[in-house]
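Residue-level structural notes
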Amino acid sequence: MRKIAEYNAGEPLDLFLLIKQSTKGVTTQGKPFMTLILQDKSGDIEAKLWDTTDEHAKTYAGATIVKVGGEVHEYRGKNQLRIKSIRPVKEEEGVSISDLVPSSETSKEVLYEELMQYFFEMQNPHIQRITRHLLKKHQTAFMTYPAATRNHHDYVSGLIDHVVSMLKLGKALADLYPTLNKDLLYAGIILHDVGKVIELSGPIATQYTVEGNLLGHITIMVNEISKAADELDITGEEVMLLQHMVLSHHGKEEWGSPKRPMLKEAEMLHYIDNIDAKMNMLNRALGKTTPGEFTERIFPLDNRSFYKPSIE
C-alpha cells in the first residue's frame, strides 16, 4: 500500500492514518472547524474538517486511527488533504498505532550505546557526574520521546537520534578546533533538550504539557541542573556554565533563548543544533521529491522550496 508521502497533488487516496494532532478553530464567519495532522510511517499531511461539533472533537482526537478518503491538493506550496470521507478504524481491520508511527532508523538501544561512548572523553568530574545523573534520571523517556511536535525529529526516539547526530558533529568540530572544551560541548549537547521529556506529552500524538506551556524545556532543564547539583553536592562554576549552555542554545531572544551564547562552546552548540535540525527537515522533504523537481515549501526554512538535482 502506498504511503502518504508518495502522493502528489491531484491524486485521490484511501488510507489508514493516525491523527497526530487535532485542534479546534473558528472561521471568520464564526463556524467551527478542526485541523487534523494525519500521519503514517512516511510522514504527515494537514487536513481540515468543516462544520464540526463537540462529538467530532471527541471522535477525531489525537492518537486515533482513522480510515480516510480524499484528494491531495496544493495549498500555499504544501500538500494538503481534502477529506471526502473519514471514520475511526474498526477493530477487525487489524491496524495498530505501531503500523503508522515513524521512528528512528537506528534502534534506541544502539543510539544510547553510541551516546555513552562520549562520556569516556569527558575529564571534568563535576560536568560528567551531573550529565550522567540527569541522563539516568530521564533515560526511559529520553530514549523514546521525539525532539519536537513537528518539523524536525518529530518521531519515536527522535530526541536521542537528534542528540547522537549532534554529538558526532560536536566531535568533528572539537577535533578541528582543539581549544573547544569537549566536556562543556558534549554535556551541553546531551542536556540541551532533555527538558522536552517534561515539556512534551510523549512519543504518540505529541502535545505540550501544562509545564511545557508554562515553563518550556529550557527553564525546566536549568532547574533540573540545579537540583542535580544539590543532590550530588556539587558546587562551582561548572553548574553555572552548564545552565548557560542550555539557556542560550536557541541563539537569539526572538528564537526563544533567554540568553544569547556567551561561551564559545555555547555558540557552537547553537550552530550544531541548528544544522542537525535543518538537515533533518531537508532530508525528509527531499526524500519524497522527484529528481529535477522542487520540494514543498518548508516553513521553518523561511518557507522556501529546495531543488533536488537530477545528477548522481
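Being a predicted model, the structure only gives us computed values, none of them experimental.

Definitions and cut-offs
- Residues numbered from 1 in each chain as written.
- Predicted model: local features only at pLDDT ≥ 70, side-chain atom pairs only at ≥ 80, totals over all residues.
- Heavy atoms only, no water.
- Pairing = 2+ DSSP bridges.
- Helix = DSSP H or I, 4+ residues; strand = E, 2+ residues; numbered from the N terminus.
- Axes fitted to C-alpha atoms, helices over the stretch in contact; angles between N-to-C directions.
- Salt bridge = Lys/Arg side-chain N within 4 Å of Asp/Glu carboxyl O.
- Buried < 20%, exposed > 50% of the residue type's maximum accessible area, 1.4 Å probe, protein only.
- Patch = residues over 30% accessible without salt bridge, like charges linked within 9 Å, V, L, I, M, F, W, Y side chains within 5 Å.
- Areas by Shrake-Rupley, 256 points an atom, 1.4 Å probe, with all protein chains shown as cover.
- Core = buried A, V, L, I, M, F, W, Y, C linked by side-chain atoms within 4.5 Å.
- Contact = heavy atoms within 4.5 Å.
- Phe/Tyr/Trp six-rings, centres within 6.5 Å; stacked < 30°, edge-to-face > 60°.
- Lys NZ or Arg CZ within 6 Å of the ring centre and 35° of its normal.

**Focus: the sheet that holds strand S4 (residues 65–75)**
Strand pairing in a sheet takes place through backbone hydrogen bonds and is either antiparallel or parallel in direction. Sheet architecture is closed into a barrel: five strands sit in the order S1-S2-S3-S5-S4, paired in mixed fashion. Direction aside, the axes of adjacent strands within the sheet are offset by 50° on average. Bridge analysis of S4 against strand S5 (residues 78–88) gives 10 bridges, and the strand direction is antiparallel. Bridge pairing in S5 places Val 68 opposite Ile 86.

**Digging into the pattern of salt bridges**
Throughout the structure, instances matching the rule amount to 21 salt bridges. Across the salt bridge formed by Lys 108 and Glu 109, the nearest N and O atoms sit 3.3 Å from each other. You can call Lys 108 partly exposed: its relative accessible area is 30%. By relative accessible area, which is 46% here, Glu 109 ends up partly exposed. A salt bridge links Lys 137 to Glu 224, with the shortest nitrogen-to-oxygen separation between them at 3.1 Å. Of this pair, Lys 137 sits in helix H3 (residues 125–137) while Glu 224 sits in helix H9 (residues 216–231), and the two are 87 residues apart along the sequence.

**Things to note about a nonpolar patch on the surface**
A cluster of nonpolar side chains, Val 210, Leu 214 and Leu 215, forms an exposed patch at the surface whose accessible area comes to about 330 Å². The residue Leu 215 is located in the loop between helix H8 (210–214) and H9 in this model. Taking relative accessible area as the criterion, Leu 215 reaches 43% and is therefore assigned partly exposed.

**Digging into the nonpolar core**
Counting 50 residues, the largest nonpolar core has Leu 115, Ile 130, Ile 190 and Ile 225 as the members making the most contacts within it. The element that contributes the greatest number of residues to this core is helix H6 (residues 182–191), accounting for seven residues. Contacts of Ile 190, omitting those with residues within four sequence positions, involve Leu 115, Phe 119, Met 122, Thr 131, Leu 135, Phe 142, Val 163 and Leu 167. Grouped together as the second largest cluster of nonpolar side chains are 19 residues, Leu 13, Leu 17, Leu 38 and Ile 83 included.

**Section: the packing of aromatic side chains**
Tallying each qualifying case throughout the model produces three aromatic pairs. Ring centres 5.2 Å apart and planes at 85° place the aromatic pair Tyr 118 and Tyr 186 in the edge-to-face group. Of this pair, Tyr 118 sits in the loop between helix H2 (108–116) and H3 while Tyr 186 is found in helix H6, placing the two residues 68 residues apart along the sequence. Relative accessible area serves as the criterion here: at 9%, Tyr 118 is assigned to the buried category. Directly above the aromatic system of Tyr 7 lies the positively charged group of Arg 2, at a separation of 4.1 Å from the ring centroid. A cation over a ring is seen here: Arg 132 above Phe 119, with NZ or CZ 4.5 Å from the ring centre.

**A closer look at the pairing of strand S2 (residues 32–40)**
Extensive coverage of S2 is indicated by the burial of eight of its nine residues. Relative to S2, strand S1 (residues 12–26) runs antiparallel, the two being bridged by eight bridges. Across the sheet, residue Thr 23 finds its bridge partner in S2, namely Thr 35. Counting the residues in the hairpin turn of S1 and S2 gives five residues, including Gly 30, whose phi is positive at 85°. Judged from the eight bridges that link them, S2 and strand S3 (residues 43–50) form a sheet pairing that is antiparallel. If you follow Leu 38 over to S3, its bridge partner there is Ile 45.

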